[in-house]
Protein chains: 2
Amino acid sequence: MRYAARVEYDGTGFAGFQVQPGARTVQGELEAALATISGGSRVRVVAAGRTDAGVHAIGQVISFTDPKGRPAKELARALDALLPEDVAIREVRRVPAGFNPRYAARYREYRYTVWNGPRSPLRERFALGVRDQLDTAAMERAGSALVGRHDFSAFGATHRQPVRTVHSVRVRRAGSLVTIDVAADAFLRGMVRRIVAGLLEVGHGRTNEEAVAEALASKRAAFNGATAPAKGLCLRRVVLGPMRARDTQVSTTARPNGER
Amino acid sequence: MRYAARVEYDGTGFAGFQVQPGARTVQGELEAALATISGGSRVRVVAAGRTDAGVHAIGQVISFTDPKGRPAKELARALDALLPEDVAIREVRRVPAGFNPRYAARYREYRYTVWNGPRSPLRERFALGVRDQLDTAAMERAGSALVGRHDFSAFGATHRQPVRTVHSVRVRRAGSLVTIDVAADAFLRGMVRRIVAGLLEVGHGRTNEEAVAEALASKRAAFNGATAPAKGLCLRRVVLGPMRARDTQVSTTARPNGER
């Protein structure tokens, strides 16, 4: 039986989502908990977004298989009880056997949080501190230049297929709190943090909106290459779309019963 | 010259405010920074509230003396630059020479934060997680029984003068976030956390409002003695009142000039 689950984590203590030898990872913790409830056998976890070291998540979606086909609620309880303080599992659901959140995700929403004020120890863990007043209206305008289907090579790690669709870039201020929300069908590695670094340059008045649009058009890792620190970034939501041909096909052959 | 400063800290990494041998304390960090900018001589720091281990502050008020009488802004910058990530200094102001925030504080406001929902790693550091739905209306009613001038022996560590005036107890809910704000002229040691423990018992339906009022009236450490965990507690604000005779007197004799 295949399941999907929503996962929340404080990324501070992790070397990222994906398993790496000798490093503490979210995937590692999840797979350890799954192994425990599966009598020691390895259970592979797949995620919608392989977040980098230090990046947080409140709406990460993962999937895994439980050969015993236990009720979703029972799995949620058992796994959550085994996980450490900085990872929690929520809302386990049964999904078709071929389900893979990486392909099922229609879009992802990330939030970058900036504390735009004097140094604040209570904000330190989940926000980037920026003392000088940011021009959020200029940041919002610069962000809107990125919306649409583009080659995002200028804002991501090298990838053989660098075209992504950015649905929205929203910059909001509430007192000293500035949030930058970016939604896209998918992201290149480091893409949100490079977009944020670019918008922060605009917010500081060190560059302008046209420069951001030009960087995008250049299609090369041109926009000074800076990335905003991981601690301000959080994967907020993964919206799952209709099953694709690939999933439906696998589920039809592999599903042991008719449940969806 | 005497100064007052507002201080913010993440209490997680501290054994409390007050200096203790062999422990990391907020006072210790502040005094170390002051010693550095004072050529190594010890500068004593006094605080409005000596918060316990793990308790946070956003509006702690401290005072100290700078023999060089440097401008307040210069001191703020110099000290803040020397402090670690989890303590920040803000808004330094000159005050009369005899100023002591412990006596000058007219009232203090603490906030206790409860995450009333499924386990949340992103809330873990600054809130107590409570999964079962709390009856916040009953908690608010129970809290109102504590408002006024009372002997708070039932909700604090033993003290030879246990009478305090609680100005307000407010319980608010915003989704899963429940905040309990308590304002009083002063607090006995552990008093907010014991009040919160009592209100949580009411919120769980394990006891009722009358029991809280009876515990108060008993004037002995009666209300099951439980204290809510430190991590949910934050000293939000210290409101300084008019100078008392003691301060004015000292300041008249010790102030090197007429500045207030």
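Residues numbered from 1 in each chain as written. Chains lettered and ligands numbered in written order. Predicted model: local features only at pLDDT ≥ 70, side-chain atom pairs only at ≥ 80, totals over all residues. Heavy atoms only, no water.

Novice: Outline the pairing of strand E10 (residues 233-240) of chain A, listing residues and values.
Specialist: Residue and element names in this part refer to chain A. The pairing of strand E3 (residues 56-65) with E10 spans two bridges and is classified as parallel. Bridge assignment links Ala-57 to a residue of E10, and that residue is Leu-235. Here seven bridges tie strand E5 (residues 105-115) to E10, and the two strands are oriented antiparallel to one another. Bridge pairing links Ala-105 to Leu-240 in E10. (Pairing = 2+ DSSP bridges. Helix = DSSP H or I, 4+ residues; strand = E, 2+ residues; numbered from the N terminus.)

Novice: Quick one: what's the story with the domain arrangement of chain A, residue by residue and with numbers?
Specialist: All names here are of chain A. With domains assigned, chain A is organised as domain 1 (2-99) and domain 2 (106-240). If you average the C-alpha positions of domain 1 and of domain 2, the two centres end up 27 Å apart. Here domain 1 meets domain 2 over a buried area of about 1300 Å², counting both sides, of which 58% is carbon and sulfur. One can count three salt bridges joining domain 1 with domain 2. When the shortest N-O distance is used, the salt bridge between Asp-10 and Arg-125 registers 2.8 Å. Its residues assigned to classes, the side of domain 1 that touches domain 2 shows seven nonpolar, six polar and three charged. (Domains from an automatic or database assignment. Buried area = accessible area lost by both parts, 1.4 Å probe. Salt bridge = Lys/Arg side-chain N within 4 Å of Asp/Glu carboxyl O. Nonpolar A, V, L, I, M, F, W, Y, C, P; charged D, E, K, R; others polar.)

Novice: Can you lay out the side chain of Gln-60 of chain B for me, pointing to particular residues and giving the numbers?
Specialist: Residue and element names in this part refer to chain B. Note that Gln-60 resides in strand E3 (residues 56-65). Here Tyr-9 takes part through its side chain, which lies 3.1 Å from a polar atom of the side chain of Gln-60. Within the local environment of Gln-60, its side chain forms a polar contact with the backbone oxygen of Gly-49, the two atoms lying 2.5 Å apart. When neighbours within four sequence positions are excluded, Gln-60 is seen to be in contact with Ala-5, Arg-6, Val-7, Tyr-9, Phe-17, Ala-47, Ala-48, Gly-49, Thr-51 and Leu-235. (Polar contact = N/O pair within 3.5 Å; in protein donor to acceptor, adjacent residues only side chain to side chain. Contact = heavy atoms within 4.5 Å.)

Novice: I'd like a description of the interface of chain B and chain A, backed by residues and values.
Specialist: The partner chain A presents 26 residues to the 26 residues of chain B that form the contact. A buried area of about 1800 Å², summed over both sides, lies between chain B and chain A, and 52% of it is on carbon and sulfur atoms. Contact with chain A buries surface across chain B, with Arg-119, Pro-121 and Leu-122 of chain B losing the most and accounting together for 39% of the total. The interface formed by chain B and chain A includes four salt bridges. Close ionic contact of Asp-80 of chain A with Arg-131 of chain B constitutes a salt bridge, the shortest N to O distance being 3.5 Å. Across the contact surface, chain B and chain A share 15 residue pairs in polar contact (both at pLDDT 80 or more).

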